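Summary of structural features
Below are the chains, spelled out letter by letter.
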Amino acid sequence: MALHTKKANIGRKYSSNSSFHRLLALLAVSAVSLMTRLYKLNEPEHVCWDETHFGKMASYYINRTFFFDVHPPLGKMLIGLSGALSGYDGRFTFENPGQEYNDANYMGMRAFCAILGSAVAPLSFLTVVELTQSIQAGIMAASLIIFDTGCLTLSQYILLDPILLFFIMTSTYCLVMFLHSQSSTPFKLAWWLWMAATGISLACAFSVKFVGLFVILLAGVMTMKDLWRLLGDLSLSKTTLFYHLLSRASCLIFLPMLIYLIGFAVHLKVLNQSGNGDAHFSSYFQSSLLGNSLYNASMPKDIAYGSIITLRNHRVGGGLLHSHPHLYPEELGPKQQQITTYSHKDENNQWLVKRSDVELNPARPVQFVTHGDFVRLEHIRTGRNLHSHAEPAPISRDHYQVSAYGINGTGDMNDIWRVEMVRQTVGSRVRTVFSQIKLIHYRTECVLYTSGKQLPKWGWEQQEVTCNPDPRDSNDLWNVEDHTNPRLPNISFEVLSPSFWEKFIESHVVMLKGNSQLKPKVGEVTSRPWQWPFNYRGQWFSGGHKSPLGIYLLGNPIVFIGNLACLVVFLLLYGLWLLSEKKGCTVTPALRVRCQKTFSICELFFLGWLLHYAPFYIMGRVLYFHHYFPAMLFNSMLSGVVLDFILQSVGAYFPSKTKLSVYNSSIVVVLSIVIHSFYLFHPLSYGITHSSGNATSNMDGLHWMDSWEF
């Protein structure tokens, strides 16, 4: 049964749905949600968990310093804006978790995140009430979110999660309101406003984290379902159907795209100064950043023999081809000079371009390097040539070792490399910054490559460079970043600075590659998706086992058990309902309408839960428990609807005079259990304390699972 179905007059005897009562309940839910999120907001008075990242990024926005992150920019920009408006000056370093804030004005940013986090429960209340017309169902759904210690913890710190949860819930509520207005007032002002609000909210969710895509998929499925219904309405003309399709494309596709583009344009406009994120981006991109060595640089346009160049690899975070007067250890093959990649710019990155067959002669005319040429690259500082041979690389043992070899530019045949340009023909010149090239070893046919793996201390913890026998890997692409040649005229690279679209596309390529390459740090506790619905393991936000004040991200066990139980009950009841419909079982009209309405609503929430949970099973990146909480919101709303349905069904077996009392009493019992469980487990969010020499704590007796680390 579609969501736009007119609200049935079911359960009215259980629910008072006047506007006054709904407003009163909304105010109560909002007040409790806000109080729980703002309580002890200043504690701990030090950097907690990922505040070290997102607080630091807020500082970068305030200082207009370019940085790299795997997430889209909106959430971080909003945190930076809240900090600027609340008096934070962007000077605090956010070096690592545990760093004391002292006089830093961090409360404005925490308060901003807490306020958005506190709005999640009221939005869930409004969504459930709009669908069910039951204030009680809305209160139960909102309570499961308010009194969940995991949702509370995520809302109290400088993180992207409360912002993401807020926009996911805003998107869901606006989508529901749009679909309901569709059934009564299509093409009216309210209809347009709710549809536009849905599009804007979807764009904002995606602009905070890429997992916002899942709520976009939810909106897409529900919109397609609604359009399918309209296609079956023979009373609608083709013109009207076209207007429906065009309006949805405008508000739910093009408007979100525009919002997302505007957010990125602001991001790139604000971060216009060179910073520690430069190394992740191409030389072409860096040329647009104030303070970068490539900004408004003057260099020769084309590479010639005799040019002194630096080479940057195209891997995400790929550095500059580098060497230094240190040798590989004896146990790693020939004891020759190390070759690495290095993100910082110094003279050890400079290479002289020479022909493979003749020595340089300034008296000869300038000869440019072209596609297909054979070259030698001499390291300027040490006078040794870039070299490879059929010896295993130090870490990637299936690759060949790359070294620097020879004396004063004199070496052997293993110093020769063939230049291949991407999508070019013989005779095409290698251009500074723009040309993507491969260097193919003359004898072994392997390709100069950086694995991205960090060398041990003997390699100064720089990145490994190898010669890869597989020529298909994209990490074997390089470009010339710096170029000097006194025999060639310089051109200004200000003219060649990238356009917005080029920077936009490169930013996304870098973000997506960076996201896929996220790996756990040494000793870091991660989790797997199967563990999340069971509340199997949390993660420390602050402190640890024996610290004076610890914050531990873990869901309220009663809430998670209840949510999981309601999910299973829904699937069982839904399966029985479908089976009874198929078998043609006789049910009363009232029960049929109630079941159709309830299961239609639960379909939406179950789909939302599934879309926000199942994709993590196929993700290759590192995962944490906090990734589950968008799905947990939909599970909580589903639980509120299922509980309301069950309690109303149970009340039907009592005499008419006592039905309402039984129903309300049952809701009081449910809320009491949830609130009492929050009272027991609230130290997880507000602070686990120890006394008597760490012998006891305020969480004694509550360690229900061995996998819990507190």
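Data block above holds the structure.
Now for a quick tour of the structure.

A few words on the overall build of the protein. Counting its secondary structure elements, the protein contains 18 helices and 18 strands. C-alpha extents for the protein along the principal axes are approximately 110 × 75 × 55 Å. A burial count over the protein gives 55% of its 710 residues as buried. When contacts within the protein are restricted to residue pairs at least 6 apart in sequence, long-range pairs at least 24 apart make up 76% of them. By element, 62% of the accessible surface of the protein is carried by carbon and sulfur atoms, the whole surface being about 30,600 Å². The centroid of the 56 positive side-chain charges in the protein is displaced by 11 Å from the centroid of its 47 negative side-chain charges.

A few words on the packing of aromatic side chains. Going through the model one piece at a time under the given rule, you end up with 57 aromatic pairs. Relative to Trp501, the ring of Phe500 lies with its centre 5.4 Å away and its plane at 65°, an arrangement referred to as edge-to-face. A residue is classified by how much of its surface remains accessible, and Phe500, at 27% relative accessible area, is partly exposed. Relative to Tyr628, the ring of Phe560 has its centre 6.0 Å away and its plane inclined at 45°; by these criteria the two rings are tilted. A residue pair is termed long-range when its members are at least 10 positions apart, and Phe560 in helix H14 (residues 557-583) and Tyr628 in the loop between helix H15 (589-613) and helix H16 (629-651) qualify at 68 residues. Neither Phe560 nor Tyr628 differs from the other in exposure class; each is buried. Over the face of the ring belonging to Phe285 we find Lys503, whose NZ or CZ atom lies 5.5 Å from the ring centre.

All right, on to the nonpolar core then. One broad rule of soluble globular proteins: the nonpolar side chains tend to lie buried together. Formed by 125 residues in total, the largest nonpolar core has its most connected members in Ile79, Phe125 and Phe605. It is helix H8 (residues 161-184) that contributes the most residues to this core, 13 residues altogether. Once you skip the residues sitting within four places of it in the chain, Ile79 turns out to touch Phe54, Ala58, Met109, Phe112, Cys113, Ile158, Leu159, Leu160 and Ile163. Of all hydrophobic cores here, the second largest spans 27 residues; its members include Tyr305, Ile339, Val402 and Trp417.

Below, the discussion takes up the pairing of strand S10 (residues 437-441). Of all 5 residues that make up S10, 5 are buried, and the element is covered over most of its length. Pairing of strand S9 (residues 417-421) with S10, which is carried by 5 bridges, proceeds in the antiparallel orientation. Bridge pairing links Met421 to Ile437 in S10.

One pass over the structure, following the stated rule, counts 1 disulfide. The disulfide bridge from Cys446 ends at Cys467, spanning 1.9 Å between sulfur atoms. Taking the sign of the S-S torsion, 95° for the link of Cys446 and Cys467, the bridge is right-handed. Here Cys446, found in the loop between S10 and strand S11 (447-454), pairs with Cys467, found in strand S12 (residues 463-468); they are 21 residues apart in sequence, far enough to count as distant.

Turning to the pattern of salt bridges, a few remarks are in order. According to the stated counting rule, one finds 21 salt bridges in the structure shown. Note that Glu330 and Lys335 form a salt bridge whose closest N and O atoms lie 3.6 Å from each other. Salt bridges linked by common partners bring Asp226, Arg229 and Arg248 together as one network.

Our next topic: the side chain of Thr340. Mapped onto the elements of the fold, Thr340 is located in strand S4 (residues 337-342). A distance of 2.5 Å separates the side chain of Thr340 from the side chain of Gln462, its partner in a polar contact. Ignoring any residue separated from it by four or fewer positions in sequence, one finds Thr340 in contact with Leu320, Leu321, His322, His324, Leu455, Gly459, Gln462, Gln463 and Val465.

We now examine the environment of Tyr624. If you trace the backbone, Tyr624 turns up in the loop between H15 and H16. Separated by 98 residues in sequence, Tyr624 and Thr526 have C-alpha atoms that sit 5.2 Å apart.

Conventions and cut-offs
Residues numbered from 1 in each chain as written. Predicted model: local features only at pLDDT ≥ 70, side-chain atom pairs only at ≥ 80, totals over all residues. Heavy atoms only, no water. Helix = DSSP H or I, 4+ residues; strand = E, 2+ residues; numbered from the N terminus. Buried < 20%, exposed > 50% of the residue type's maximum accessible area, 1.4 Å probe, protein only. Contact = heavy atoms within 4.5 Å. Areas by Shrake-Rupley, 256 points an atom, 1.4 Å probe, with all protein chains shown as cover. Lys, Arg positive; Asp, Glu negative; His and termini not counted. Charge placed at Lys NZ, Arg CZ, Asp CG, Glu CD. Phe/Tyr/Trp six-rings, centres within 6.5 Å; stacked < 30°, edge-to-face > 60°. Lys NZ or Arg CZ within 6 Å of the ring centre and 35° of its normal. Core = buried A, V, L, I, M, F, W, Y, C linked by side-chain atoms within 4.5 Å. Pairing = 2+ DSSP bridges. Disulfide = S-S within 2.5 Å. Salt bridge = Lys/Arg side-chain N within 4 Å of Asp/Glu carboxyl O. Polar contact = N/O pair within 3.5 Å; in protein donor to acceptor, adjacent residues only side chain to side chain.

Keep in mind these values describe shape, not function.
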